[in-house]
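# A structural walkthrough
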Amino acid sequence: MTEVIIVKNQDEAGSIYAQRVARLIESKPDCVLGLATGSSPLAAYRQLSALVKNDSIDVSQVRGFALDEYAGLDPKHPQSYQSTINRTVVEPLGLDPEKIHVPNGNLSTISEAGHAYDQAIEDAGGVDIQILGIGTDGHIGFNEPGSSLASGTRIKTLTEQTRIDNARFFDDDINQVPTHCITQGIGTILKARHLILLAFGSGKAEAIAETVEGGISSFCPASALQLHRHATVIVDEAAASRLRNKDYYKYSFEHKPAWQGI
Ligand SMILES: N[C@@H]1[C@@H](O)[C@H](O)[C@@H](COP(=O)(O)O)O[C@@H]1O
């Protein structure tokens, strides 16, 4: 089943992620991390970088692949996902920028870029742990409702809702938000060995209920997590508020043997 962990706040969620990733880096120094943008993973990255510093963990060989990028936006633009990943992950953790990849949203090469990206992930041996946020419409990466559950990395059209949601990063001006993106497909994401999805706040409650307890449907792309052998969904009470089986998730997490980890 998809494991659901209900936490008090983003820091508690971040610390669960950070401890899991720190263990991975210690056992596999050149591990491959799947990276995501958005506000949901920020506390997780902060906690991880604190842990890396406190425990003097060597991250020099860690590799990473981001989920997505806007199409046609200069990678140097402060809101490009290339810049965002550098600012929120690469710099604070002290990762080697050469080992961290973001899909190439350059319009002149975008038709080939998706296939090349999937190939690069495979050549790296696949993603060990993929962190995910979720859109209010249930999207993961930028796989909007209707995306094939078997899709590979490719160009997608953003929904108007996603452009409205993301306008806050573009001076609250939807016209500045690109209309297209390049995103890892749902099929690509499902190949990662462990998925950890984070969601906070009541705005995500419906998407989380659909993801975990709804039918598997391309209309809620995150519901594809139900097909994965090792998916962990970490949410606060507000994001968990529409889950019918909430008490059971709490009970099973409280009674989980410590050796099991997540
Ligand atoms: N492409 C990203 C997603 O990867 C992210 O999950 C989503 C939610 O962002 P937030 O975590 O800020 O709510 O935003 C964007 O659309």
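Residues numbered from 1 in each chain as written. Predicted model: local features only at pLDDT ≥ 70, side-chain atom pairs only at ≥ 80, totals over all residues. Heavy atoms only, no water.

### Concerning the overall build of the chain
When helices and strands are tallied, the chain shows nine helices and ten strands. Here the C-alpha radius of gyration of the chain, 17 Å, is about what a compact globule of 262 residues would show, namely 18 Å. Dimensions of the chain along its principal axes, counting C-alpha atoms only, are 55 × 40 × 35 Å. Across the 262 residues that make up the chain, the buried fraction comes to 54%. A fraction of 78% describes how many contacts in the chain between residues 6 or more apart in sequence connect residues 24 or more apart. With an accessible surface of roughly 11800 Å², the chain has 49% of that area assigned to carbon and sulfur atoms. Within the chain, the 32 negative side-chain charges are centred at a point lying 4 Å from the centre of the 23 positive side-chain charges. (Helix = DSSP H or I, 4+ residues; strand = E, 2+ residues; numbered from the N terminus. Rg over C-alpha atoms; globule rule 2.2 N^0.38 Å. Buried < 20%, exposed > 50% of the residue type's maximum accessible area, 1.4 Å probe, protein only. Contact = heavy atoms within 4.5 Å. Areas by Shrake-Rupley, 256 points an atom, 1.4 Å probe, with all protein chains shown as cover. Lys, Arg positive; Asp, Glu negative; His and termini not counted. Charge placed at Lys NZ, Arg CZ, Asp CG, Glu CD.)

### Some details on the pairing of strand 2 (residues 32–35)
The alternating pattern of strand 2 places Val32 and Gly34 on one face and Leu33 and Leu35 on the opposite face, and all of these are buried. Bridge count between strand 2 and strand 3 (residues 63–66): four bridges; the pairing is parallel. Residue pairing in the sheet places Leu33 in a bridge with Gly64 of strand 3. With helix 2 (residues 42–54) bridging strand 2 and the parallel strand 3, this β-α-β connection has right-handed handedness. Across two bridges, the pairing between strand 2 and strand 6 (residues 129–132) is parallel. (Pairing = 2+ DSSP bridges. Right-handed = clockwise from strand over helix to strand, strands pointing away.)

### A closer look at the sheet that holds strand 7 (residues 154–157)
Spatially, 4-8-7 is the arrangement adopted by the three strands of the open sheet, whose pairing is antiparallel. Of all the strands in the sheet, just strand 4 (68–70) and strand 7 have a single pairing partner and so form its edges. Shown here is a sheet whose adjacent strand axes are inclined to one another by a mean of 30 degrees, direction ignored. Here strand 4 pairs with strand 8 (residues 180–183) via three bridges, running antiparallel. If you follow Glu69 over to strand 8, its bridge partner there is Ile182. (Axes fitted to C-alpha atoms, helices over the stretch in contact; angles between N-to-C directions.)

### Quick word on the UniProt feature "domain: Glucosamine/galactosamine-6-phosphate isomerase" (unreviewed entry) in the chain
In this numbering, the UniProt entry assigns the feature "domain: Glucosamine/galactosamine-6-phosphate isomerase" (unreviewed entry) to residues 13–231. Secondary structure content for residues 13–231 is 35% helix and 15% strand, and the end C-alpha separation is 15 Å. (UniProt positions renumbered as here; feature names shortened; annotations may be inferred.)

### Observations concerning the pattern of salt bridges
Enumeration over the complete set of coordinates arrives at eleven salt bridges. Of the charged contacts in the structure, one is a salt bridge between Asp30 and Arg63, with a shortest N-O distance of 3.7 Å. Placement of the pair is Asp30 in the loop between helix 1 (10–27) and strand 2 and Arg63 in strand 3, with a sequence separation of 33 residues. The salt bridge involving Glu122 is made with Lys191; its shortest N-O contact spans 3.9 Å. Remark: Lys191 occurs in the loop between helix 6 (186–190) and strand 9 (194–199) and Glu122 occurs in helix 4 (residues 110–123); sequence separation between them is 69 residues. Accessibility classification places Glu122 together with Lys191 in one group, the exposed group. Sharing partners across several salt bridges, the network here consists of Lys28, Asp128 and Arg193. (Salt bridge = Lys/Arg side-chain N within 4 Å of Asp/Glu carboxyl O.)

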